[in-house]
Amino acid sequence: MGADELTLRSAAELSALMSKGELSPVELTQAFIDRSRRFERLNAYITLDAEGALAAAKQAEAELVRGAIRGPLHGLPVAVKDQFDAKGLPTTLGGNIMNEVAVEDATAIARLREAGAILLGKLNLSEYALGGNITHTYGVPRNPWDETRQAGQSSSGSGIAVAASLCAAALGGDTAGSIRGPAAWCGIVGLRPTWGRVSRHGAFPMAWFMDTIGPMTKTVEDTAMVFQAIAGHDPRDANSSTRPLEPFAPHEDLRGLRVGVVRESIDNGMSGEDATNAVNAALRVLETAGATVVDVSLPLFEKGGLISNALSDTEAAHTHRNWLRERPQDYDFATRRRLLASSLIPGAAYVKLWRFRMLMRRDVMAALGRADVLVTPAQADPAPKIATETGFTSKEAVMRQFFGLRAHRGPFNLSGVPAMSVPVGFTDASLPLSMQVVGRPFEENMVFQVGHAYQQRTDWHERRPPL
Amino acid sequence: MPDMSPEEVRAQLAGLGLAALDDDDLAEVTHRINAINEAVLALDDPDADAAEPMTIFWRSEEG
């Protein structure tokens, strides 16, 4: 097998080859670097640190030779959203305003390095992790399944890099859907962990009470592997949980497990026909694995995008207030308009939105009392064409497009529960479709179990884009 | 609730030390804030007033 073909494999497969001494970290790192350069047109990377990655790979190889294996990530080339600090590399946030070389690693990146992973570089993202920008300082992120289409927002580079095999695994950030959305449109797995499970230290904030960092990978097994390395209490994030982390023990049998289908995510036109059919087919696969599928209701589901966006945008307006006053011309026009508008959200509206967040959480937890996991489509439709304008030419257009965009993911980031995108098929035009599996707080392993059992019975995750 | 006019939006932004860069900016900012205000106003649930906000859920769950 050629070096380039190796990059198409899952992280777990690559890890197994390296631990057996059948694959060199240096060879693998060079293969990912070469491939990343070859597919530069996808605009996945902002900074590709070939020199640093190869130096780290040589160290990892030396450790392997003397039998000092740090764990399953040892020697694996990974990349991270450029929202997180990596010592010695610039943090750009995908925008024009900030470009400072970080003096220390974000905790999640430090933990990847401690686990033996090789940092290939920093990945493109929607400006300031907001999503919705039309112009892109570091190139328009292109979906590897159809380069005229969007890769999702805001961890776009992470979605592209994993789907196009430009790294073995990536980290993304998810405030209001920014891991799950790109993962769905790029046909990969993406986990938003329980809020508080992974330290946010060293990550640029969007909305502190919803910001999370999580893995984006080819398979559920890979996601669990990366999650185990980055999760756990960090004293530098005062709001990270001290709850112990249990190892994930994969098994394929789902007997006794109840899967709740959120009817409002599918009924009344809330999802397109392709997404609905793919998720219904996935539910049948879960039944084959032994699960019992039941209907559950989230009455406020449709409002998830509104509540989530309005809350997080108000937080972002505060974070950006000084740049917005002093350097408004340095923002993409859509980002600037979004932040200016959210600067005007009345205080009483913000308080009302917080109360509705609590009601959403109440409903989600009640549904998770009736089922072990919840399932919805991760995106209502497959990836759209790359946008050249916002299309917000009326109040009604804003309501339809802006709030509707994140409705499927909003209820769960509002509720702080773990949620994962899993690929479940393709459209006739070969665009990925995805389901979202949602678990109770800190029950990531249950989410992994469902996703893993599904992937043991299907092969969507083994398909690669026609690059 | 009546929509805000572009001039009202311009004045509110100015009160915060902010400004739209041109008329296109101002028009879209106006559409956006009017959409948010209308949609938030329309949110309705009999339990809303009793739902006291909690920022960090897991703290109460961990005791």
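Residues numbered from 1 in each chain as written. Chains lettered and ligands numbered in written order. Predicted model: local features only at pLDDT ≥ 70, side-chain atom pairs only at ≥ 80, totals over all residues.

Within chain B, the regular secondary structure consists of 3 helices and 0 strands. When the helices and strands of chain B are listed from N to C terminus, the series reads α-α-α. Radius of gyration (C-alpha) of chain B: 18 Å, far over the 11 Å computed for a compact globule of 63 residues. Along the first, second and third principal axes, the C-alpha set of chain B runs to 50 × 25 × 20 Å. Within chain B, the fraction of its 63 residues that count as buried is 25%. (Helix = DSSP H or I, 4+ residues; strand = E, 2+ residues; numbered from the N terminus. Rg over C-alpha atoms; globule rule 2.2 N^0.38 Å. Buried ≥ 20, exposed ≤ 12 C-beta atoms within 10 Å, placed from the backbone.)

Further remarks concern the overall build of chain A. For chain A, the helix and strand inventory stands at 16 helices and 13 strands. The globule rule puts the C-alpha radius of gyration for 467 residues at 23 Å, and the 20 Å found for chain A is close to it. Expressed as a percentage of its 467 residues, the buried residues of chain A come to 61%. A separation of at least 24 residues holds for 79% of the contacts in chain A among residues at least 6 apart in sequence. (Contact = placed C-beta atoms within 7 Å.)

Turning to the nonpolar core, a few remarks are in order. Across soluble globular proteins, nonpolar side chains show a tendency to be buried alongside one another. All names here are of chain A. By size, the foremost hydrophobic cluster in this structure holds 154 residues, and its most contacted members are Val78, Ile118, Leu119, Leu120, Ala161, Cys167 and Ala170. The two domains that each donate at least three residues to this core are domain 1 (8–230) and domain 2 (258–462). Setting aside anything within four residues of it in sequence, one finds leucine 119 in contact with Asp49, Gly52, Ala53, Ala56, Val78, Ala86, Ile109, Leu112 and Arg113. (Core = buried A, V, L, I, M, F, W, Y, C linked by C-beta atoms within 7 Å. Domains from an automatic or database assignment.)

A few words on the interface of chain B and chain A. Many structure descriptions define interface size as the accessible area lost when the parts assemble. Contacts between chain B and chain A engage 35 residues on the former and 40 residues on the latter. Listed by contribution, the elements that provide at least two residues to the side of chain B that touches chain A are α1 (6–15), α2 (23–42) and α3 (57–62) of chain B. For the side of chain B that touches chain A, the leading source of residues is α2(B), giving 13 residues. Within the side of chain B that touches chain A, the residues separate by chemical class into 20 nonpolar, 6 polar and 9 charged. (Nonpolar A, V, L, I, M, F, W, Y, C, P; charged D, E, K, R; others polar.)

Residues and elements named next belong to chain A. The topology assignment puts alanine 317 in helix α10 (residues 304–319). Overall, alanine 317 belongs to the buried group, with 20 C-beta atoms counted inside 10 Å. Taking C-alpha positions, alanine 317 is 8.7 Å from arginine 338, a pair spaced 21 residues apart along the chain. Other than its neighbours up to four places away in sequence, alanine 317 contacts Leu339, Ser342 and Ser343.

What follows concerns the pairing of strand β12 (residues 419–426) of chain A. Residues and elements named next belong to chain A. With 7 of its 8 residues buried, β12 lies for the most part within the structure. Across 3 bridges, the pairing between strand β7 (residues 189–192) and β12 is antiparallel. Its bridge partner being in β12, arginine 192 is matched across the sheet by alanine 419. Both β12 and strand β13 (residues 432–439) contribute to a ladder of 7 bridges, which runs antiparallel. Residue pairing across strands places valine 422 opposite methionine 435, the latter belonging to β13. The hairpin formed by β12 and β13 contains 5 residues between the paired strands, and serine 430 there has a positive phi angle of roughly 65°. (Pairing = 2+ DSSP bridges.)

Residue and element names in this part refer to chain A. Counting buried positions along helix α6 (residues 156–163) yields 8 of 8 residues, so the element is predominantly enclosed. Where α6 is concerned, the buried positions are Ser156, Gly157, Ser158, Gly159, Ile160, Ala161, Val162 and Ala163. Contacts from the buried residues of α6 go to β1 (45–48), β2 (77–81), β5 (118–123), β6 (169–174), α7 (180–186) and β8 (212–217).

For the rest of this paragraph, the subject is the confidence of the model for chain B. Residue and element names in this part refer to chain B. Mean pLDDT over chain B: 92, with 95% of residues reaching 70 or higher. The spread of mean pLDDT over the elements of chain B runs between α3, the lowest at 73, and α1, the highest at 98. Reported confidence for the predicted complex is 0.96 by ipTM and 0.98 by pTM. (pLDDT = per-residue confidence, 0-100.)

All names here are of chain A. Each assigned domain of chain A is listed with its residue range as follows: domain 1 (8–230) and domain 2 (258–462). Computed over C-alpha atoms, the centres of domain 1 and domain 2 are 22 Å apart. With 50 residues of domain 1 at the contact, the number on the domain 2 side is 52 residues. Examining the composition of the side of domain 1 that touches domain 2, we find that 6 residues originate from one element, α7, more than from any other. A class-by-class count of the residues in the side of domain 1 that touches domain 2 yields 24 nonpolar, 17 polar and 9 charged.

Moving on: the environment of Ala366(A). Along the chain, Ala366(A) turns up in helix α13 (residues 347–370). The exposure class of Ala366(A) is exposed, given the 12 C-beta atoms found within 10 Å.

The next point concerns the sheet that holds β12(A). All names here are of chain A. Taken in spatial order, the 11 strands line up as β1-β5-β2-β6-β8-β7-β12-β13-β11-β9-β10 in an open sheet, and their pairing is mixed. Two strands close off the open sheet at either side, each with one partner strand: β1 and β10 (292–296). Across the sheet, the mean angle from the axis of one strand to that of its neighbour is 30°, orientation sign disregarded. Bridge analysis of β6 against β8 gives 5 bridges, and the strand direction is antiparallel. Its bridge partner lying in β8, glycine 172 is registered against glycine 214. Contacts from α6 reach β1, β2, β5, β6 and β8 within the one sheet, and its direction differs from that of β6 by about 155°. This element, α13, spans β9 (258–262), β10 and β11 (373–377) of the sheet and lies at about 150° to β10. (Axes fitted to C-alpha atoms, helices over the stretch in contact; angles between N-to-C directions.)

With 20 residues, α2(B) should cover 28 Å at 1.5 Å per step; its first-to-last C-alpha distance of 29 Å lies within 8% of that length. Considered for burial, the residues of α2(B) that qualify are Glu28(B), Val29(B), Thr30(B), His31(B), Arg32(B), Ile33(B), Asn34(B), Ala35(B), Ile36(B), Asn37(B), Ala39(B) and Val40(B). In the core, the buried residues of α2(B) are packed alongside α10, α12 (333–342), α13 and α14 (395–403) of chain A together with α1 of chain B. (Expected span 1.5 Å × (residues − 1).)

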